[in-house]
Each structure stands twice: as structure tokens, then as C-alpha cells.
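A closer look at the structure
Single-letter residue listing:
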Amino acid sequence: MATYSYAAIDAQGLEASGEISAPDPNAAREQLRVRGLLANLLEERPASGEDSVRTVFKKIKPKSLQIFSRQFATMIEAGLNVVSALVILEEQTDDKYLAEVIRELRGDVEGGLLLSQALGRHPKVFSRLYVSMVEAGEAAGILDQVLDRVAFQIEKDTQIKRRVKGAMIYPTMVLVFATLVLIGMLMFLVPIFVKIFSQLGGELPTLTQWVVNASDLMRDRWFIIIPGMIGVVVGFRRWKKTESGRKLWDRFKLKVPMKIGQVVLKVTMARFSRTLSTLVAAGVDIIKALEITGQTAGNWVIEEALDEVRVRVHEGVPIAQPLIENDVFPPMVAQMVKIGEETGELEKMLGKIADFYEDEVDASIASLTAIIEPLMMILVGLMVGVIIIAMYMPMFKMLTLLQ
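Residues numbered from 1 in each chain as written. Predicted model: local features only at pLDDT ≥ 70, side-chain atom pairs only at ≥ 80, totals over all residues. Heavy atoms only, no water.

Summed over the entire model, instances satisfying the criterion amount to 20 salt bridges. Arg-128 serves as the salt-bridge partner of Glu-291, at 3.2 Å between the closest nitrogen and oxygen. Residue Glu-291 is found in helix H13 (residues 286–295), and its partner Arg-128 is found in helix H7 (residues 128–140); the two are separated by 163 residues along the sequence. One salt-bridge network, held together by shared partners, links Glu-90, Arg-103, Arg-106 and Glu-110. (Salt bridge = Lys/Arg side-chain N within 4 Å of Asp/Glu carboxyl O. Helix = DSSP H or I, 4+ residues; strand = E, 2+ residues; numbered from the N terminus.)

Following this line, the structure appears as C-alpha cells:
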């Protein structure tokens, strides 16, 4: 999307000037014509540093996108056309980046694009799910209902992410705290005891020697170890984004013990069911709906399974049959989908599956948190205890010899 400076005249012959966003000069002239302006001068502005990096460093919060969709739906339902609604939304939103995007949407629609096509020009803001649902809503004449469903979908996705992130806060903080304590003890506490041991002389116990060696390594090579630890974390995150890394990591997440894998599966099932239900309700073709659902499932294993389901459905097989044959889908999901197909209420059944798994996620996270909290405390206690015991073992040995 480029920005153009223009000088134009209106129907009364009065001069006007300003800036306008459009994909090309012809679209910019068309936008001005729709506004009743005839362009005399049209020049493309060079992209500023802020414009070139805004999509990298700026993100629109899901809450802002949810409010935008809900308000948009209300305005369309009230009888406003798309352009008028976008003008009002641009003025009302508090998110400056979202206001810029809305302004560009308005310019594209004024230039003759459909709303879904305009949304598709901003893939970092509007997901394929969002664009496809709006496209289906435009075709069926139920744009207001579809936008309302999109807002509901964003709300549910945000709730699940918030629950999972909330459950991870405590163990993450404890792990960070334990790491800092370990580094602090090795760098500052252990050297004090090392001076005492050097005065006493004699051979150190094996455990004490290991701790002393770790302390020496941390103090002498901290400029290598700490950047190395950061490098491992960064490297791991990059590896997860590769095709092979994503496959292995997503498989591993579903098999993690202590019920963590079960929680991951329930979150994925809730997202899969809610997304497919929303797309089916919006009137999206079932083949396309399965494709989009797989791409937004958030797990490569589920994505591959849904690709197989899509191929089988394209061959004329009911959706439930490949779900039953694939072990990754719980039996309840397949059976409820089967009932939904037989009764013609697939959308409602998928919604009930999503509601069930969302409740299950809450219960599982609460149970998991109750297990993780004491384990983390035990881990911290063992770590500190081992170092303290290692430091006092030579003293106990010396007292035994004196006796």
C-alpha cells in the first residue's frame, strides 16, 4: 500500500490537496473521483522508516480487533454501508496502527475492491480465517452476522491463550528464580567456602569437588556460559520455526508426561472445533473450511490429520469417518461430529465440542498447576540443599577426624 500526495479540484472548481493511500496510482485517482475530486497532481511519497518497519514492530491486540469486528457488525446491521462504517471506526479506534489499517481498508473499498479483498492485503492483521469468513458473508449477504461470529471467535481464542499463559507464569518465574539463585551461589557463596577449604588442606569430597569445579567454571567462563545459554534459547526458538523442528516439537508436545500432553491436545481440540464451527456457520465450503481449520489449528500433527480428512471428504466420505480412523482425535469428537452430520446440525455439535474442551482445559490447567507448584518447590529445595551439603561435607569430615 503506497501513500500519494495529491492536488485536485472539486465540482465547484475549488482546489484541494492532501494524502491518500492506495495500491497504485489508478486506484488513487478512482478514490478521489468517488469523493468528487479530479486529480491534477498525484505523486507517490517515499516510504518513511516508520512505514517500512511498522508491521514488524507493531501488532494489533486481539481485544482491539474484537472490538473493531463487533462495532463493524453493529453498524452494518444498522444499515450503514461499508465505507461509512469504516470512516466511523477509523475515528473511534484508540489503536493508532489499527486506525492506519482501517484508513487503508476504506481507501481500497472506495477504489472498487470488496471488503474481503481489502482485508486480504493485510495478512499480518487479518488471518485467513477472518478473510474467508468475510468473503462468505459478502456472498451470502450476512456480513453483519459473520463479523459478529468473527468477534466471538477472537474472544474464545484469546480466552484459551490467556488461560494457558496464566498457568505458565508461576513455573516460569520459579525456574528463572532458581537459575538466578544457582548462578549467585556458584559465583559468590561457593568461593567463600573455597578459601576456607584451601586453609584446611586435605582432599575434598567428590560432591564438593564437583560444586567447586562448577563454581570455577562459572566465574572464569561466565562471558561464554551466559551468552551460550541465551544462544541455546534463541536457537531453540528458531529451530521450532523450521519445518522439521515444528514437526518434531508438535509431536513431542502431545506426548509430554504429567498430563501436559493431554492439556495441549484439549487446547488444540477446542480450537479446531470452534474454528470449524464458525466457518460452517458462516457458510464457507466444507473443503475450504477444513483447509483453513488445519492451518489455524496450531499443531502440525492436527494439521496433517485434517489434510487427510479434507482429501477423504473431497472423495465423498463423511467427515466423521476419517476422524474415527485417526487416533489423534478423541472418540467423543468423532462420534459427536457423526451425530452432527446425521442430524444436519454439524455447527451446533462442533460448538458443543468446543465448549466441552474449553471447560476441560480449565479443569486440566488447575489440576496441572496443583501438581507443578510443589514439584517446582522441591526442585529449588534440592538445588539449594545439594550446594549447602556439598559445602559443609568437608567440615563434617574434619570434625570426625578431630574426634
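With that settled, the discussion passes to the environment of Glu-243. Along the polypeptide, Glu-243 turns up in helix H11 (residues 243–255). Expressed as a C-alpha distance, the spacing of Glu-243 and Trp-300, which sit 57 residues apart in the sequence, is 9.4 Å.

Another point: a positive patch on the surface. There is a patch of like positive charges on the surface, built from Lys-59, Arg-237, Arg-238 and Lys-241. Residue position: Arg-237 is located in helix H10 (residues 222–241). Taking the relative accessible area as the measure of exposure, Arg-237 reaches 58% and is therefore exposed. (Patch = residues over 30% accessible without salt bridge, like charges linked within 9 Å, V, L, I, M, F, W, Y side chains within 5 Å. Areas by Shrake-Rupley, 256 points an atom, 1.4 Å probe, with all protein chains shown as cover. Lys, Arg positive; Asp, Glu negative; His and termini not counted. Charge placed at Lys NZ, Arg CZ, Asp CG, Glu CD. Buried < 20%, exposed > 50% of the residue type's maximum accessible area, 1.4 Å probe, protein only.)

Moving on to the environment of Phe-356. One can find Phe-356 in helix H17 (residues 346–402). In this structure, the C-alpha to C-alpha distance between Phe-356 and Lys-266, residues 90 residues apart in sequence, is 9.4 Å.

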